[in-house]
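# Residue-level structural notes
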Amino acid sequence: TPKGISCYKVNELPQNDETKNVQINKILLNYEDVDWAAHSDSLNTQSYLPENLALDYHENTLTFHYKTLSLENANKKRYQYFLDGFQEEWQAPSKAKYVTYNDLDVGDYTFYIKEFSKNKIDDNNEFIASFNFTVLPPVWHYAWFWAFLFTHICQVFKTLQDHKKSGFRQSLFL
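Residue positions are given per chain, counting from 1 as you read along its sequence in written order. Only residues with pLDDT of at least 70 get local features here, since the model is predicted, and only at 80 or more are side-chain atom pairs given and counted; chain-wide, interface and lining totals rely on the full set of residues. To obtain the side-chain values, all non-hydrogen atoms of the structure were included, while hydrogens and water were left out.

Labels follow the DSSP assignment, with helices taken as runs of H or I lasting at least four residues and strands as runs of E lasting at least two, numbered in each case from the N terminus. On the secondary structure map, Ala 129 appears in strand β9 (residues 128-135). Residue burial is assigned from relative accessible area. The probe radius is 1.4 Å, only protein chains are included, and a residue is buried under 20% of its type maximum, exposed over 50%, and partly exposed in between. On the accessibility criterion, Ala 129 (5% relative accessible area) is buried. Here the alpha-carbon distance between Ala 129 and Ile 24, two residues 105 residues apart in the chain, equals 6.8 Å.

See below:
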């Protein structure tokens, strides 16, 4: 401040039970930072992460970076994560602050992350951060693609057959 130094005691800060202790702060696509605005409807105004994320089938490797929002024992925090749609259960606690999922199949997914201190797991859902996304199927997985392809192949064969017949007629009159 202009008139001196400010300080505060972390232990005396008011606790807000509605605040999440963990946050997903960055997501990489195929190991690279990307402009998420090009891949989603909008960006979350607080986290700047994509909302309603729909990825092409070949954009199927995601790295989630997460961090604790608690200043208390931040270096002792451990994290547990789970990707619904890919995993059956929560993964073992780890101090790692990111996780990568490679070659995800087509489908809907929700990534969950929670943090805990040495012996205290926070099972309260309000302390779990989550992120929803979809990996879209390739175009050839849609029925309309095959209908379109079949129609055009039939049209090509009909055109070739018509051309062949008209060429045959012309040779009869020569």
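Structure's up, so let's keep going.
Before going further, it helps to examine the nonpolar core. Nonpolar core, defined: a set of buried Ala, Val, Leu, Ile, Met, Phe, Trp, Tyr and Cys residues in which side-chain atoms within 4.5 Å join the residues together. Core analysis: the largest hydrophobic core is formed by 24 residues, its most contacted members being Ile 24, Phe 64, Phe 111, Ile 113 and Phe 133. Of all the elements in the fold, those that place two or more residues in this core are β1 (22-29), β4 (53-55), β5 (62-68), β6 (78-84), β7 (98-101), β8 (107-116) and β9.

Another aspect to go through is the pattern of salt bridges. By definition here, a salt bridge exists when the distance from a side-chain nitrogen of Lys or Arg to a carboxyl oxygen of Asp or Glu is within 4 Å. Evaluation of the coordinates by the stated rule reveals 1 salt bridge. Lys 77 is the salt-bridge partner of Glu 115, the closest N and O atoms lying 3.6 Å from each other. Within this pair, whereas Glu 115 is found in strand β8, its partner Lys 77 is found in the loop between β5 and β6, the two being separated by 38 residues in sequence. For Glu 115, a relative accessible area of 3% puts it in the buried group. When its relative accessible area of 9% is taken as the criterion, Lys 77 is described as buried.

We treat two strands as partners when DSSP finds at least two bridges between them. Within the open sheet, the 4 strands sit side by side as β4-β9-β8-β6. Their pairing is mixed. Only two strands of the sheet have a single neighbouring strand rather than two, namely β4 and β6. Neighbour-to-neighbour, the strand axes of the sheet open up by a mean angle of 25°, direction not taken into account. Two strands pair when backbone bridges link them, and β6 and β8 are joined in this way by 7 bridges, in the antiparallel orientation. Every angle, taken between N-to-C directions, lies between 0 and 180 degrees, and every axis is a line fitted to C-alpha atoms, over only the stretch in contact when it is a helix.

Glancing now at the environment of Ser 40. Relative to the helices and strands, Ser 40 is located in the loop between β1 and β2 (42-43). Residue classification places Ser 40 among the buried positions, given a relative accessible area of 11%. On a C-alpha basis, the gap between Ser 40 and Leu 53 in space is 4.7 Å, while along the polypeptide they are 13 residues apart. For this analysis, residues touch if any pair of their heavy atoms sits within 4.5 Å. If sequence neighbours within four positions are ignored, Ser 40 has contacts with Pro 50, Glu 51, Asn 52 and Leu 53. Side-chain polar atoms of Ser 40 contact the backbone oxygen of Trp 36, separated by 3.0 Å. Here a polar contact is recorded for every N or O atom pair within 3.5 Å, except that within protein the pair must consist of a potential hydrogen donor and a potential acceptor, and residues adjacent in sequence are included only if both atoms are side-chain atoms. Separated by 3.2 Å, the side chain of Ser 40 and the backbone oxygen of Ser 42 make a polar contact.

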